Amino acid sequence: MTRQMTGADMVVQALKDQGVDTIFGYPGGAVLPVYDAIFQQNDIKHILVRHEQAAIHAAEAYARSTGKVGVALVTSGPGATNAVTGLTDALLDSIPIVVFSGQVPTFMIGTDGFQEADTIGITRPCTKHNWLVKDTNALAETIHQAFHVATSGRPGPVLIDLPKDVQFADGTYVGPQKARKSHYQPKLKADIEQINDLAALIEKAERPVFYTGGGVINSGPAASQLLRELVEATGFPITSTLMGLGAYPASGDKWLGMLGMHGLYEANMAMHGCDLMINIGARFDDRITGRLDAFSPGSIKAHIDIDPSSLNKVIQVDLPIVGDIAHVLEDLLKVWKSRGRKTKDISAWTKQIADWRAVRCLDYKNSETVIKPQYALQRFEELTKGMDRYITTEVGQHQMWAAQFLGFEDPNRWMTSGGLGTMGYGFPASIGVQVAHPDSLVVNVAGEASWLMNMQEMGTAIQYNLPVKQFILNNERLGMVRQWQQLLHGERYSNSWSDALPDFVKLAEAFGAKGIQCSDPKDLDDAIMEMINYDGPVIFDCLVEKHENCFPMIPSGKPHNEMLLGDASTEDAIKSDGAVLV
């Protein structure tokens, strides 16, 4: 399809041709032609956020919960710079989003015009690719290329900078099928020789473990299904990064739980003691590896990833495999089955893992008078298990407790900021998920400090009648900062207390939402059900123990087999023989 239209109309037409039904954004002078084009059509819904950072996070979560591309639209200058945090977040977590930013007219670029910023220069380090479109005739093809780049290979954010005169000018529109895409075609199928080598390693392993990450989910539903088939067929235990939760069901008997700095004891010990580690779609993040020279010291390491630059970047592996997870797992299953489905007897390994499980690393001292944050999440899990439920989080202790105590049976149900650790992510993310899934229960597990960073989005929730639930575990502290100060900085609590918090119930009511506060464990179940059953946005102020620490924890610079459990001090570490020093 080719025809003449303005640049602004091209943007809208290209989005329609790409199957986009929702945009998150905030208008401004440099992007008003596009907003005018949006006004004159009814196929694409626009969600007006209250801050550009929120638009990007909402688009991220929309993408993560649907498998589609998220789209955001911001103006020039501060609109674009406010989007940088979200773009960086999406880059580190491999989330496919397309962001349009307005720009001053082409003849004003470089003159320090009103609301001008070097958006291309600023966003180059935090996008997969970005474009400044100076010719309206090139605009449509650029948009189609942007969607291709965002979704191909390792997914990620892209940005298109739109000068205002390009939006006004007429040009020739081309459809997606006519856009040039051949110059970027990442490798999807792995070399069959490497697949055979991996099958041979599977046959010989006596202490194997699957280490999975967000790449499994990004590869699509088929990858998660093939992963489950591989785990059940081999009988090998499986653990996951924060980003990979849900790819394998939490109820599965091979599930070890999350690993890493606040991962489960059995998962970290298995990673430390395995003889074969198969990394599927994870990137050896420092929160997983801990001390590099002590990371899984006795294992043969295989690494499957769509992104060649992720291989041997942090950890040198014995078998690097480039390919899309779904394609690689499909071929691996075929090859391994054709070789006779052979594995070693791993019963001794299974027994060792059972012994590690018996440590019960998530146990904590409950209270009849104060709500422990772990208890709050346990009760929430029990009351919502089996519901059509999506969870987002902010960043901090509550995020780790949510990962530890909430179970995810399916992919795309868990939205959290992993690589960047963005406080303020969860609330706008919950809006993006609720827009995509209007009839589902969407709950943002938050800390009061993180939640305040994008609290203005209550206006968005009210305007669009989005029944998002804000489950705030309020300890009146910057909880993770305070925990590190207690354990690692001599209990010098520098600026980690919140001394001027709002009344969250009154704040909710000021926006026109429902406010709930609970401080007594006996009232918690009823309060949670009140939050769930209310037909509209809710802020639930759950007052929890102020000085609870998040364990297990691998202290900085320590290997996986030296973890802090429960109320243990930094000296009371778990050593490699599994003994707890008390």
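About the thresholds
Residue numbers run consecutively from 1 along every chain, following the written order of its sequence. Residue-level local features of this predicted model are given only where pLDDT is at least 70; pairs of side-chain atoms are given and counted only at 80 or more, and the full residue set underlies all totals for whole chains, interfaces and linings. Side-chain measures here rest on the full set of heavy atoms in the structure, leaving out hydrogens and waters. Secondary structure elements are defined from DSSP: runs of H or I of at least 4 residues count as helices, runs of E of at least 2 residues count as strands, and each element is numbered from the N terminus. Per-residue accessibility, obtained with a 1.4 Å probe over protein chains only, is compared with the maximum for each type, and a residue is labelled buried under 20%, exposed over 50%, and partly exposed between these values. Residues count as neighbours in contact if any of their non-hydrogen atoms are within 4.5 Å of one another. Nitrogen and oxygen atoms within 3.5 Å of one another constitute a polar contact, given that in protein one can donate a hydrogen and the other can accept it, and given that sequence-neighbouring residues count only through two side-chain atoms. Each salt bridge in this description consists of a side-chain nitrogen of Lys or Arg and a carboxyl oxygen of Asp or Glu lying within 4 Å of one another. Each domain's limits were defined by an automated method or a database of domain assignments. Buried area: the sum, over both parts, of the accessible surface (1.4 Å probe) that disappears when the two are put together. Any helix carries an expected span of 1.5 Å times its number of residues minus one. Two rings from Phe, Tyr or Trp (for Trp, the six-membered ring) form a pair when their centres are within 6.5 Å of each other. A pair whose planes differ by under 30 degrees is stacked, one over 60 is edge-to-face, and the rest are tilted. Only Lys NZ and Arg CZ are tested; either one counts as a charge over a ring when it is within 6 Å of the ring centre and within 35 degrees of the ring normal. Criterion used throughout: strands pair if DSSP finds at least two bridges between them. Orientation is described by lines fitted to C-alpha atoms, with helices fitted over the stretch in contact, and by angles between N-to-C directions that extend from 0 to 180 degrees. Here, nonpolar core refers to any group of buried Ala, Val, Leu, Ile, Met, Phe, Trp, Tyr and Cys residues whose side-chain atoms link them within 4.5 Å.

1. A short note on the overall build of the chain
No. 1: The secondary structure content of the chain amounts to 23 helices and 20 strands.
No. 2: The C-alpha extent of the chain, read off along each of the three principal axes, is 70 × 60 × 40 Å.
No. 3: Relative to its full complement of 582 residues, the chain shows a buried share of 60%.
No. 4: Pairs at least 24 residues apart make up 75% of the contacts formed inside the chain by residues separated by at least 6 positions.

2. Details of the side chain of T392
No. 1: Position of T392 relative to the elements: it lies in strand β15 (residues 389–393).
No. 2: Taking relative accessible area as the criterion, T392 reaches 0% and is therefore assigned buried.
No. 3: A distance of 3.0 Å separates the side chain of T392 from the backbone oxygen of G426, its partner in a polar contact.
No. 4: Among the polar contacts made by the side chain of T392, one reaches the side chain of N444 at a distance of 3.1 Å.

3. A short note on the pattern of salt bridges
No. 1: Summed over all chains, the structure comprises 22 salt bridges.
No. 2: A salt bridge links E229 to K337, with the nearest nitrogen and oxygen atoms 2.7 Å apart. Of this pair, E229 sits in helix α11 (residues 221–234) while K337 sits in helix α14 (residues 325–338); the two residues are 108 residues apart in sequence, bridging distant segments of the chain.
No. 3: On the basis of relative accessibility, which here comes to 33%, the residue E229 falls in the partly exposed class.
No. 4: Assessed through its relative accessible area of 32%, K337 is described here as partly exposed.
No. 5: In this structure, the salt-bridge partner of D363 is R360, at a minimum N-O distance of 3.1 Å.
No. 6: D363 sits in the partly exposed class, given a relative accessible area of 44%.

4. Some words on the domain arrangement of the chain
No. 1: Domain annotation of the chain identifies domain 1 (2–174), domain 2 (192–357) and domain 3 (373–543).
No. 2: Computed over C-alpha atoms only, the centres of domain 1 and domain 2 are separated by 37 Å.
No. 3: Taken residue by residue, the interface counts seven residues in domain 1 and six residues in domain 2.
No. 4: Where domain 1 abuts domain 2, roughly 610 Å² becomes buried across the two surfaces, and 53% of that area is made up of carbon and sulfur atoms.
No. 5: The interface formed by domain 1 and domain 2 holds one salt bridge in total.

5. Description of α11
No. 1: Between its first and last C-alpha, α11 extends 20 Å over 14 residues, near the 20 Å set by a 1.5 Å rise per residue.
No. 2: The secondary structure elements touched by the buried residues of α11 are α9 (192–204), β9 (208–212), α10 (214–218), β10 (238–240), β12 (276–280) and α14.
No. 3: G235 lies just past α11 and shows a positive phi near 80°.

6. Structural notes on the packing of aromatic side chains
No. 1: As enumerated under the stated definition, the model contains 13 aromatic pairs in all.
No. 2: Where F471 meets F540, the ring centres are 5.2 Å apart and the plane angle is 25°; that geometry is what we call stacked. Linking F471 in strand β18 (residues 469–474) with F540 in strand β20 (residues 538–543), this pair joins segments that are 69 residues apart in sequence. A single burial state applies to F471 and to F540, both of which are buried.
No. 3: Every member of this aromatic cluster is reached through a ring pair, and the members are Y211, F284 and F295.
No. 4: Lying over the aromatic face of F408, R389 brings its terminal NZ or CZ to 5.7 Å of the ring centre.
No. 5: The lysine or arginine in question, R477, covers the ring of W497, its NZ or CZ lying 3.9 Å from the ring centre.

7. Brief notes about the sheet that holds strand β4 (residues 70–74)
The pairing of strands in a sheet happens through backbone hydrogen bonds and is either parallel or antiparallel.
No. 1: Ordered in space as β3-β2-β4-β5-β7-β6, the six strands form an open sheet in which the pairing is parallel. The sheet terminates laterally at β3 (45–48) and β6 (129–132), the two strands that pair on one side only. Averaged over neighbouring strand pairs, the angle between their axes works out to 20° when direction is ignored.

8. Things to note about helix α3 (residues 52–66)
No. 1: Taking 1.5 Å as the rise per residue, α3 with 15 residues should run 21 Å; its terminal C-alpha atoms sit 21 Å apart, in good agreement.
No. 2: Counting buried positions along α3 gives 14 out of 15 residues, so the element sits mostly inside the fold.

9. As for the environment of T106
No. 1: Within the fold, T106 resides in the loop between β5 (97–103) and α6 (119–123).
No. 2: Distance in space between the C-alpha atoms of T106 and D135 is 9.4 Å, their sequence separation being 29 residues.
No. 3: T106 has contacts with K134, P163, D165 and V166, leaving out every residue within four places of it along the chain.

10. As for the nonpolar core
No. 1: Counting residues in each nonpolar core, the largest one holds 97 residues, and the members touching the most others are L198, F471 and F540.
No. 2: Per-element accounting of this core gives the leading share, eight residues, to α14.
No. 3: When residues of this core are sorted by domain, at least three fall in each of domain 2 (192–357) and domain 3 (373–543).
No. 4: Setting aside chain neighbours within four positions, we find F471 in contact with A376, L377, F380, V443, N444, V445, A446, I528, M531, F540 and C542.
No. 5: The next biggest cluster of nonpolar side chains, apart from the first, holds 42 residues, and it includes I97, V99, F504 and A513.

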